[in-house]
Amino acid sequence: MTLSEALARFIVSTDAGRLDPADASAAKAAIADCIGCMMAGSVTDSARIARQVATSGASAGAATVIGATRRYSPQVAALANGTAAHALDFDDILWTLYGHPSVTILSSALAIAQDRAATGSELVTAYAIGVEVLGKLGRAVNPVHYEHGWHATASIGVIGAAAACARLLRLDEEKTAMALGIAASQACGIRRNFGTMVKPLHAGNAARAGVFAAELAEQGFTSNITALEDEYGWARTLGGRSVPDSDVLTRTLGEPWELREPGIVLKRYPSCGATHCALDALIALRNRHGLHHDEIERIDCDASPFAHKVLLYSRPATGLEGKFSMEFCLAVAAIEGNVDLLHFNEDWIADPRVTALLPRISFNARADLAPDVSADAVPAEVSVRARGQLFTQKTLMPSGDPRNPMDEHARWRKFLSCCKTMLDERQAKALFDVVGALEMVACADLHEALQPAS
């Protein structure tokens, strides 16, 4: 079989019962986290502009657009919600993807699920299938694909989004394979645009393209059956480390699920995931030794060389650039003891405490912290010189990693903090509980829970 055929067989034939309770719980935790990120991101300028342009002149539909009073078509909703979900870089991570799985998969699948009146159980299964497809493709083509300059959230995520949508549209194997080939020609997103409004647009556009690919295939639109692997196909053209093998895929899809191995990381901090191990280390040192930023003479951060390829701004000029600055994030953490949504704006960029601390922070690549094929947490070691002493902490995996997970209370507190600009606490708790029991819900009924307080 070709890659498209092997993936299509898995997408179509996988029974919902193959997803065990632990995997389903992991899926629902990620879905809730992503919905919270949609809420928080929907009030940003990038999400507002994308939503305004996407909905301008668009016809009514059945899919919810966070921040809009009307429902729209699945493509419009996927674009708007996908951009919102990624706008604050607070959304989850899958290391094998080298990116963010839920912003593309959930944004597209939720829109189709509402439009086609799917059940919550069907949404959970489609979400898991989409994550599985993009994770297994990521294992084959990364890290070379990512290092070539592609934003894998979009360039691989679009295929996962098409997979989830094809499942919800109940396409047969032939049409599902066509949808994957159509999605392959819509793979895009360059990392040079990190730290700008375009980065979240990558996620929104990939979600929209995944919906579009599946809807085209449903109507009989065709693609090349070898579009993923053949010469001039997706994997070769986009600089993959290897071309995925259909026999290997057939044996490994769902064995185990990407939801379990490596599992989805829920972010503690609203900044690039490459900063998180370093932030955990610095905050641990600050708390353990009672360090105050005025006492700090120097902070040295050694991190995986991978971090240097992602964190592009040593002296950020905007809040968005600050999310991709190790030095800025460490400065904020040294001052505040945390890094939160409120810190990524121009006031904090210009804060005299931050600007005074930045020249005393070094950020260095260290070979022994390099990852293998998987990014696997972007480890870091942080040393702080203060009071004439040197304090050091190495962190190999961040808080929120499945190996160091958030408990339900921590996930709820993050969800509430994300929703507070859109929902009151009672509404936020109702939405959180609905997602926790998603198997019992009709997706068409989610609209009211996703609407802001009047």
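You'll find the structure just up there.
Below: a short report on this structure.

Scoring rules and cut-offs
Residues numbered from 1 in each chain as written. Predicted model: local features only at pLDDT ≥ 70, side-chain atom pairs only at ≥ 80, totals over all residues. Heavy atoms only, no water. Helix = DSSP H or I, 4+ residues; strand = E, 2+ residues; numbered from the N terminus. Contact = heavy atoms within 4.5 Å. Lys, Arg positive; Asp, Glu negative; His and termini not counted. Charge placed at Lys NZ, Arg CZ, Asp CG, Glu CD. Pairing = 2+ DSSP bridges. Axes fitted to C-alpha atoms, helices over the stretch in contact; angles between N-to-C directions. Phe/Tyr/Trp six-rings, centres within 6.5 Å; stacked < 30°, edge-to-face > 60°. Buried < 20%, exposed > 50% of the residue type's maximum accessible area, 1.4 Å probe, protein only. Salt bridge = Lys/Arg side-chain N within 4 Å of Asp/Glu carboxyl O. Expected span 1.5 Å × (residues − 1). Polar contact = N/O pair within 3.5 Å; in protein donor to acceptor, adjacent residues only side chain to side chain. Parallel < 35°, antiparallel > 145°, perpendicular 65-115°, else oblique. Left-handed = near helix turned anticlockwise from the far one by under 90°. Core = buried A, V, L, I, M, F, W, Y, C linked by side-chain atoms within 4.5 Å. Disulfide = S-S within 2.5 Å.

## Considerations on the overall build of the chain
Across its full length, the chain carries 23 helices and six strands. Structurally, the chain occupies a C-alpha span of about 70 × 50 × 40 Å along its principal axes. Considering only residue pairs separated by 6 or more positions, the chain has 78% of its internal contacts joining residues 24 or more positions apart. Averaged over its 42 positive side-chain charges, the chain has a centre that lies 3 Å from the centre of its 52 negative ones.

## Quick look at the sheet that holds strand 3 (residues 296-303)
Read across the open sheet, the four strands follow the order 4-3-5-6; overall the sheet is mixed. One side of each edge strand has no neighbouring strand; the edge strands of this open sheet are strand 4 (361-365) and strand 6 (389-395). The average undirected angle you get between the axes of adjacent strands in this sheet is 15°. Contacts from helix 15 (residues 276-289) reach strand 3, strand 5 (380-386) and strand 6 within the one sheet, and its direction differs from that of strand 6 by about 135°. Contacts from helix 18 (residues 326-336) reach strand 3 and strand 4, with the element oriented near 135° to strand 3.

## Regarding the pairing of strand 3
Bridge analysis of strand 3 against strand 5 gives seven bridges, and the strand direction is antiparallel. Following the sheet pairing, Ile 296 is matched in strand 5 by Ala 386.

## Quick look at the packing of aromatic side chains
Geometry of an aromatic ring pair is reported as the spacing of the ring centres plus the angle between the planes. Applying the stated criterion to the full structure yields nine aromatic pairs. Considering the side-chain rings of Phe 10 and Trp 257, the 5.7 Å spacing of their centres and the 50° angle between planes classify their relative orientation as tilted. Linking Phe 10 in helix 1 (residues 3-13) with Trp 257 in the loop between helix 13 (246-252) and helix 14 (259-263), this pair joins segments that are 247 residues apart in sequence. Like Trp 257, Phe 10 is buried.

## Some words on the pattern of salt bridges
On inspection of all chains with the given rule, the structure shows 25 salt bridges. In this structure, the salt-bridge partner of Asp 23 is Arg 260, at a minimum N-O distance of 3.2 Å. Placement of the pair is Asp 23 in helix 2 (residues 21-41) and Arg 260 in helix 14, with a sequence separation of 237 residues. Among the residues examined, Asp 23 registers a relative accessible area of 3% and is labelled buried. Judged by relative accessible area, which is 43%, Arg 260 ranks as partly exposed. A salt bridge links Lys 414 to Asp 33, with the shortest nitrogen-to-oxygen separation between them at 2.9 Å. Remark: Asp 33 occurs in helix 2 and Lys 414 occurs in helix 21 (residues 408-419); sequence separation between them is 381 residues. With relative accessibility at 7%, the residue Lys 414 sits in the buried group. What makes Asp 33 buried here is its relative accessible area of 9%. Bridged by salt links that share partners, the residues Glu 132, Lys 136, Arg 139 and Glu 258 form one connected network.

## Overview of helix 10 (residues 173-184)
Taking 1.5 Å of rise per residue, twelve residues should cover 16 Å, and helix 10 covers 17 Å from first to last C-alpha, within 8% of that figure. In terms of burial, helix 10 is a largely internal element, nine of the twelve residues being buried. Looking only at helix 10, the buried set comprises Thr 176, Ala 177, Met 178, Ala 179, Leu 180, Gly 181, Ile 182, Ala 183 and Ala 184. For helix 10, the N-terminal capping position is held by Asp 172, with its side-chain oxygen 3.3 Å away from the main-chain nitrogen of Glu 174.

## So, the packing of helix 2 against helix 22 (residues 425-436)
One way to put it is that helix 2 packs onto helix 22 with a least axis distance of 9 Å and a crossing angle of 150°. Taken together, the axes of helix 2 and helix 22 lie roughly antiparallel to each other. Relative to helix 22, helix 2 is oriented so that their crossing is right-handed. For the pair formed by helix 2 and helix 22, the contact residues are Lys 28, Ile 31, Ala 32, Ile 35 and Met 39 on the first element and Leu 431, Phe 432, Val 435 and Gly 436 on the second.

## Digging into the environment of Ala 380
Mapped onto the fold, Ala 380 is located in strand 5. Note on Ala 380: relative accessible area 1%, which makes it buried. Considered as a pair, Ala 380 and Ala 274 are 106 residues apart in the sequence and their alpha carbons are 9.1 Å apart. Residues within four places of Ala 380 in sequence aside, it is in contact with Cys 277, Ala 278, Cys 301, Asp 302, Ala 303, Leu 369, Gln 393, Lys 394 and Thr 395.

## Observations concerning the nonpolar core
Residues Tyr 127 and Trp 234 are the most contacted members of the largest nonpolar core, which totals 147 residues. Excluding residues within four positions of it along the chain, Tyr 127 makes contact with Ala 27, Ala 30, Ile 31, Asp 92, Ser 102, Ile 105, Leu 106, Leu 259 and Ile 264. Ala 54, Ala 63, Ala 77 and Ala 111 belong to the second-largest nonpolar core, a separate cluster that totals eleven residues.

## A few points about unusual backbone geometry
Cis geometry marks the peptide bond from Asn 142 to Pro 143, where omega comes out at 0°. As for its position among the elements, Pro 143 is in the loop between helix 6 (120-141) and helix 7 (144-147). Glu 255 connects to Pro 256 through a cis peptide bond whose omega is -5°. Among the structural elements, Pro 256 can be located in the loop between helix 13 and helix 14. Of note in this structure, Asp 89 is not a glycine but carries a positive phi near 55°. On the secondary structure map, Asp 89 appears in the loop between helix 4 (74-86) and helix 5 (102-115). If you check the backbone angles, Arg 170 has positive phi at about 60° while not being a glycine.

## Regarding the state of the cysteines
The tally for this structure, following the rule as stated, stands at zero disulfides. Lacking any disulfide linkage, Cys 34 is separated from the closest cysteine sulfur, that of Cys 37, by 6.2 Å. Exposure remark for Cys 34: the relative accessible area of 1% places this residue in the buried category. Not part of a disulfide, Cys 443 finds its nearest cysteine sulfur in Cys 165, a span of 12 Å.

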